[in-house]
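Read off the chains here:
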Amino acid sequence: MPPSPGVADRVALRTGDRMPLLGLGTWKIPKSSCASLVRRAIDEGWRHLDCACDYGNEREVGAGIKAALDAGSCARSDLWVTSKLWNTYHRREHVRAACVKTLEDLGVDYLDLYLIHFPISLAFVPFETRYPPEWVHDPDAPDPADRVMKYDPVPVAETWAAMEALVDEGLVRNVGVCNFNAQLLAETLACAASHPPAVLQVESHPYLTQTNLLRYAEAHGVHVTAFSPLGSAGYVEMGWTTEDEGAINEPVVREAAARRGATPGQILLRWATQRGTSAIPKTTKEERLVENIAVFDETRGFDLTPEEMAAIEALNRGKRYNDPAEFCPGMGGLSPIYD
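Notes on the structure in this doc start here. Within any chain, residue numbers begin from 1 and follow the written order of that chain's sequence. Restriction of local features to residues with pLDDT of at least 70 applies here, the model being predicted, together with a cutoff of 80 or more for giving and counting side-chain atom pairs; totals for whole chains, interfaces and linings are based on all residues. Working from all heavy atoms in the structure, the side-chain values ignore hydrogens and water.

## Observations concerning the overall build of the protein chain
Definition in use: By definition, any uninterrupted DSSP run of H or I lasting at least four residues is a helix, any uninterrupted run of E lasting at least two residues is a strand, and each is numbered from the N terminus. The atom set for the radius of gyration is the C-alpha atoms, and the globule formula is 2.2 Å times the number of residues raised to the power 0.38. Think of it in three bands: with a 1.4 Å probe and only protein chains considered, a residue is buried below 20% of the maximum accessible area for its type, exposed above 50%, and partly exposed in between.
Across its full length, the protein chain carries 13 helices and ten strands. For 339 residues, the compact-globule formula gives about 20 Å, and the C-alpha radius of gyration of the protein chain, at 19 Å, lands near that figure. Counting only C-alpha atoms and orienting by the principal axes, one finds that the protein chain spans roughly 55 × 45 × 40 Å. The burial tally for the protein chain puts 55% of its 339 residues in the buried class.

Pasting the structure below:
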């Protein structure tokens, strides 16, 4: 069994729990290959799995976890399993049921971290009607205007109180938020009674450094996890960008990689973790599992110089790939997150 750098490199959250700095993002991993990929990831030393109801593959992730645990690859206590509350379950009476559904699909007794996926509350959709509900009301409606989910304005305070109750019940160890800006994070911190958000997960890469948001979160004891840390690659197939666009192709990144015999992807992951965030790269290729986690290997790992860190930081252009106002017609006008 290989060394497990994902176990050694962890960040202490406000609760005292230690979260692995590198996690496997499971968004867009096909159901057909998801279980085997998760099993292989755990065998290779990955200990953080980033999941969500909306990804539609939590059962398959759970099958991969079970296979790894049954094989003795690690204990459940070694794993860090993150999932997210979808937009249609923000009302107090729906939060627990959504969490329990996720626990059943993943085949685990508790979540290490449960996040509010978006600060957008939509009309409730029963599990038996459609699961996961996604962003649409009726995916078969001929008129696109009829497909947009109806908005249901639920105060953050109501949803957060229900999230805190999950911790009190022992279903969840840590709670947090995803895709929140500084003002929304401040609102959540203000309404928290006993369990303030431990983690803020946001899109962050050299084209979207979010430096001020990171500083604000750190000042208030909230750890930041960067999703899409490699930039645009995951959005090419969705038509939101092109293959030749992305920080992974920038000369400063490629030059830093060449100096170390590393890959550009490894440079971006090291940049993300060295600036204080954790990161959740997604891959469907088993060889990338080994490559990505090698940034923490005792013999193959490396640090970037202050000059390299600054040069990559300077690539910032405020480029956001994941914005509901752009990819979901009508949704942005109902509940814009970003200016």
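## Quick look at a negative patch on the surface
The test is simple: Note on patches: the residues involved have over 30% relative accessible area and no salt bridge, like charges join within 9 Å, and the nonpolar side chains Val, Leu, Ile, Met, Phe, Trp and Tyr join within 5 Å. With residues, only the protein chains shown are counted as cover, and all accessible areas are computed by Shrake-Rupley using a 1.4 Å probe. When a carboxyl oxygen of Asp or Glu is within 4 Å of a side-chain nitrogen of Lys or Arg, the pair counts as a salt bridge. Charge convention: Lys and Arg are scored as positive, Asp and Glu as negative, and His as well as the terminal groups of each chain are ignored. By convention, the charge on Lys lies at NZ, on Arg at CZ, on Asp at CG and on Glu at CD.
On the surface, a cluster of negative charge is contributed by Asp 138, Asp 140, Asp 143 and Asp 146. As for its position among the elements, Asp 146 is in the loop between strand E6 (113-116) and helix H5 (156-169).

## Some remarks on the nonpolar core
Rule in force here: Grouping buried Ala, Val, Leu, Ile, Met, Phe, Trp, Tyr and Cys residues that are joined through side-chain atoms within 4.5 Å yields what is termed a nonpolar core. Contacts: residue pairs with any heavy atoms within 4.5 Å of one another.
Leu 111, Tyr 114, Met 163, Val 172, Leu 200 and Ile 267 are the most contacted members of the largest nonpolar core, which has 94 residues in total. Among residues more than four places away in sequence, those in contact with Leu 111 are Arg 76, Val 81, Ser 83, Cys 99, Thr 102, Leu 103, Leu 106, Leu 171, Val 172 and Arg 173.

## Focus on the pairing of strand E5 (residues 80-85)
In plain terms, the rule: Paired strands, as defined in this entry, are two strands with at least two bridges between them according to DSSP. Note on handedness: a crossover is taken as right-handed if, strands pointing away from the viewer, the path from the first strand over the helix to the second is clockwise.
Burial analysis of E5 places six of its six residues in the buried class, which makes it a mostly covered element. Where strand E4 (residues 48-50) meets E5, three bridges bridge the pair, whose relative direction is parallel. Bridge pairing links Asp 50 to Thr 82 in E5. Running through helix H3 (residues 58-70), the crossover from E4 to the neighbouring parallel element E5 is right-handed. In this sheet, E6 lies alongside E5 in parallel orientation, the contact comprising four bridges. Each bridged residue has a counterpart across the sheet, and for Ser 83 the counterpart in E6 is Tyr 114. Each parallel crossover has a hand, and for E5 linked through helix H4 (residues 92-106) to E6 it is right-handed.

## A word on the packing of H3 against H4
Note the threshold: Structural elements are reduced to axes, namely lines fitted to C-alpha atoms, with helices fitted over the stretch in contact, and the angle between N-to-C directions of any two is expressed from 0 to 180 degrees. Comment on the angle field: the value is read as roughly parallel under 35 degrees, roughly antiparallel over 145, roughly perpendicular from 65 to 115, and oblique elsewhere. Asp, Glu, Lys and Arg are counted as charged, while Ala, Val, Leu, Ile, Met, Phe, Trp, Tyr, Cys and Pro are counted as nonpolar; the rest, among them Gly, fall into the polar class.
Viewed as axis vectors pointing N to C, H3 and H4 meet at an angle of 45°, and their least axial separation amounts to 7 Å. With respect to their mutual orientation, H3 and H4 come out oblique. Seen from H3, the contacting residues are Glu 58, Arg 59, Val 61 and Gly 62; seen from H4, they are Lys 101, Thr 102, Asp 105 and Leu 106. Looking at the contact of H3 with H4 residue by residue, the class counts come to two nonpolar, two polar and four charged.

## Details of H3
The condition is simple: Expected helix span is computed as 1.5 Å times (number of residues minus one). Arc definition: it is the arc formed by the directions from the helix axis to the C-beta atoms.
Relative to the 18 Å expected for 13 residues at 1.5 Å per residue, H3 spans 18 Å between its end C-alpha atoms, a close match to the ideal helical length. Those residues of H3 not exposed but buried are Glu 58, Val 61, Gly 62, Gly 64, Ile 65 and Ala 68. In a view along the axis of H3, the buried residues occupy a sector of 160°, so they form one face of it. Opposite the packed face of H3, turned more than 90 degrees from it, sit the exposed residues Arg 59, Lys 66 and Asp 70. Lining the buried residues of H3 we find helix H2 (31-43), E4, E5 and H4. Of the residues flanking the end of H3, it is Gly 72, one or two places downstream, whose phi is positive at about 80°.

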